[in-house]
Amino acid sequence: MTRRGFLAASASTLAVPAVLSFAGPASAQAKPVRVGYIADYFGTSLTAIASDQGLWAKHGLEAELKVFTNGPIQVQALGAGSLDFGYVGPGALWLPASGKAKIVAMNALGLSDRVIAQASFKSMADLKGKKVGVPEGTSGDMLLRLALAKAGMQLSDVEVIKMDPSTVVSAFASKQIDGAGIWYPLVGVIKKTVPDLVEVAQSADFFPANSFPSAFVARNEVAAQDPDTVKKMIAVLKDANDFRAADVPRSVEITAKFLGVPADPLVTESKNGKYLTSAELIAATKDGSVAGWLKGLNEQFVAFGKLKDPLDPKDYYLGDLYAG
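Conventions used here
- Residues numbered from 1 in each chain as written.
- Predicted model: local features only at pLDDT ≥ 70, side-chain atom pairs only at ≥ 80, totals over all residues.
- Heavy atoms only, no water.
- Helix = DSSP H or I, 4+ residues; strand = E, 2+ residues; numbered from the N terminus.
- Rg over C-alpha atoms; globule rule 2.2 N^0.38 Å.
- Buried < 20%, exposed > 50% of the residue type's maximum accessible area, 1.4 Å probe, protein only.
- Contact = heavy atoms within 4.5 Å.
- Areas by Shrake-Rupley, 256 points an atom, 1.4 Å probe, with all protein chains shown as cover.
- Axes fitted to C-alpha atoms, helices over the stretch in contact; angles between N-to-C directions.
- Parallel < 35°, antiparallel > 145°, perpendicular 65-115°, else oblique.
- Nonpolar A, V, L, I, M, F, W, Y, C, P; charged D, E, K, R; others polar.
- Pairing = 2+ DSSP bridges.

Draft legend 1. View of the overall build of the protein. Broken down by element type, the protein carries 14 helices and 12 strands. Expected size for 324 residues packed as a compact globule is a radius of gyration near 20 Å; at 19 Å, the protein falls within 12% of this value. Judged by the C-alpha coordinates and their principal axes, the protein covers about 60 × 40 × 35 Å. Expressed as a percentage of its 324 residues, the buried residues of the protein come to 56%. Within the protein, contacts between residues separated by at least 24 positions form 81% of all contacts whose residues are at least 6 apart in sequence. As displayed, the protein offers around 12700 Å² of accessible surface, 52% of which is attributable to carbon and sulfur atoms.

Draft legend 2. Highlighting the packing of helix α9 (residues 227-246) against helix α12 (residues 278-286). It is the contact of α9 with α12, at a shortest axis distance of 9 Å, that shows an interaxial angle of 120 degrees. Comparing the axis directions of α9 and α12 gives the class oblique. On the side of α9, the interface is formed by K238, N241 and D242, while α12 contributes S278, L281 and I282. The residue inventory of the contact of α9 with α12, partitioned by class, reads two nonpolar, two polar and two charged.

Draft legend 3. Here's a closer look at the sheet that holds strand β6 (residues 113-117). If you trace the five strands from one edge of the open sheet to the other, you get β8-β7-β9-β6-β10, paired in mixed fashion. The open sheet terminates on both sides in strands that have one partner only, identified here as β8 (159-162) and β10 (198-202). When strand polarity is set aside, the average angle formed by the axes of neighbouring strands in this sheet is 30 degrees. Bridge count for strand β7 (residues 131-134) against strand β9 (residues 179-183) is two bridges, and the pairing is parallel. Pairing of G133 across the sheet is with A180, part of β9. Each of β6, β7 and β9 is contacted by helix α6 (residues 165-173), which is oriented at about 135 degrees to β9, the strand it contacts most. Against the sheet, helix α7 (residues 186-193) contacts β6, β9 and β10, and its axis sits at roughly 130 degrees relative to β9.

These results come straight from atomic positions and should not be treated as a statement about function.
As structure tokens, this is what we get:
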């Protein structure tokens, strides 16, 4: 599942160490935490900003950062006790909804997903009976199902081929598949070799009724036994979030430097998101908007057969800590 190992599919070479450690002047008194991230803009930007701006030390943490390719692997690491906090995209939020982790902070609302088709196809209906590649359980998968339903179709009306994101890129470029449920910046990567591809559906078509939030999650034991560390992590994320909301272009530069990659793909990705300030996220927590986003996802997870009886968001989103 998600979100986003696009750099493995792009022309650039990713040279991110498996583990990075960020200590500050106060590190002797700092609480060590192990934090996961995914190597793209949505999955790295707050972590990169926190590291660049010294926010870990500011809030009494010493972060050991670990790169992952998707959200579920991070949740597995949380469950195994080898990670304390991690980042997950919308497609992986069924895991906290099933009790596997606790959400400590929302990240951003993603509008980057697309259902794309080869040039000879003009609509979802045209894809009936055709091969459609999709990374299973991702937001691309979710958008594909929503777009099919809107067109009066079912998943069985297309030949779904499950593949990882980088394989979607190569398979679509070589015309081995007719369509795909995928996201920017990967769509931009594909456009370099297939400039006449058609975007037959996009996540914005379903917003705000269906939102695609990403989030930061904590190991259940950390959430239950160490609320002070959770509060420190939330403080770091809030500061980084407000830095990003105030200057997205600068946050792109910081993220590109952190990842050691060109900024252009990150620029494209950053333009396909909605960034709320921490004050706005607090307000959205208090007025039930965040719970509404999560309930909407839960309904999709149930409809897709991912979950039978998801938890209520109040039982896995630590909104009181975030809004406190």
